[in-house]
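Residues per chain are reported as follows:
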There are 2 protein chains.
Amino acid sequence: MRKQRHKSENLTECPMEATLDLIGGKWKGVILFRLSECTRRFNELNRLLCRISPRTLTKQLRELEADGLIRRTVYAEVPPRVEYDLTELGQSLQPVIAALMGWGTEYALPHLNSAEKDTASTAEFV
Amino acid sequence: MRKQRHKSENLTECPMEATLDLIGGKWKGVILFRLSECTRRFNELNRLLCRISPRTLTKQLRELEADGLIRRTVYAEVPPRVEYDLTELGQSLQPVIAALMGWGTEYALPHLNSAEKDTASTAEFV
DNA sequence: CAGGATCCCAATGGATACTG
DNA sequence: CAGTATCCATTGGGATCCTG
């Protein structure tokens, strides 16, 4: 995802590609969702996405910031405090985030579970 | 994306992760969009996604099929004909696909273009 | 036509340890 | 607290050639 778009090649004209280029990847969707709930700090995100490494979280946040979807605010305090929130553009993603979450809840999760565990579990309860 | 989910570890309970696990990646969104328009054949898809290699297209189609989102139909003809279309589960993605496309058209594409070409173009027209 | 086989490179992302 | 630095394993995906 995103690959070498910044080397100003690989320009796409497909809306779907463009969108997944920005919010696809393993973590960005979840990050954006968490930031759509409220402003959050680095370690807060790290706890919520408990299986992401700090290194990866940093990278994802930097990319989202570079793409203008989130804002990074540093407070000159001790201990240091950094907050992330959605930009206007990021806010405009709300419907998309909602759609992804909605489908995930209604279809993806049940589908994954029934496919992974046993297909009979639900099949015989009919 | 999807990594070794089939090795029955890495189970997620996050709807967003689950969804992006299924439709994320560089190509799946576009493939699903194209199949949401109508049933299509392999080379047809390959032409529409003109920058994908046959090898990759095959892999993505197989994953989508394994995940129950698309259906693969082989016709015993000469020359061989294979058609792909959405399953019921795939159909249920329509709103999601629409949301991604919509946002891409309205925000992502303009955003990418203004960011990549010149920022001043719009800035001074105010 | 619809791919499979093989080779190979680049990008993703995890683990761990360290720091201003 | 909010990251960096380093190292390394896995994956995505292109190129090319081949086939039922």
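In this text the structure is predicted, and so the values were computed from the model without any measurement.

J.: Before we go on, may I ask you to explain the nonpolar core in this structure?
T.: Counting residues in hydrophobic clusters, the biggest one holds 67 residues, and the most contacted among them are L69(A) and L69(B). The element best represented in this core is helix α6 (residues 94-116) of chain A, accounting for nine residues. What L69(B) contacts, discounting residues up to four positions off in sequence, is W103(A), L22(B), I23(B), L32(B), L64(B), D85(B), L86(B), T87(B), L89(B), G90(B) and L93(B).

J.: Just checking my understanding: could you explain the interface of chain B and chain A for this structure?
T.: Many descriptions give the size of an interface as the accessible area lost when the pieces come together. Facing the 45 residues of chain B at the interface are 45 residues of chain A. With both sides pooled, the region where chain B packs onto chain A buries about 4,300 Å², and carbon together with sulfur makes up 74% of that total. At the boundary of chain B with chain A, the tally comes to two salt bridges. For R51(B), the salt bridge identified is with E17(A), shortest N-O distance 3.3 Å. On the surface where chain B and chain A come into contact, there are ten residue pairs in polar contact (both at pLDDT 80 or more). Looking at the side of chain B that touches chain A, the elements with two or more residues in it are α1 (15-23), α2 (28-37) and α6 (94-116) of chain B. Ranked by residues supplied to the side of chain B that touches chain A, first place goes to α6(B) with 14 residues. Grouping the amino acids of the side of chain B that touches chain A by side-chain chemistry returns 25 nonpolar, twelve polar and eight charged.

About the thresholds
Residues numbered from 1 in each chain as written. Chains lettered and ligands numbered in written order. Predicted model: local features only at pLDDT ≥ 70, side-chain atom pairs only at ≥ 80, totals over all residues. Heavy atoms only, no water. Core = buried A, V, L, I, M, F, W, Y, C linked by side-chain atoms within 4.5 Å. Buried < 20%, exposed > 50% of the residue type's maximum accessible area, 1.4 Å probe, protein only. Helix = DSSP H or I, 4+ residues; strand = E, 2+ residues; numbered from the N terminus. Contact = heavy atoms within 4.5 Å. Buried area = accessible area lost by both parts, 1.4 Å probe. Salt bridge = Lys/Arg side-chain N within 4 Å of Asp/Glu carboxyl O. Polar contact = N/O pair within 3.5 Å; in protein donor to acceptor, adjacent residues only side chain to side chain. Nonpolar A, V, L, I, M, F, W, Y, C, P; charged D, E, K, R; others polar.

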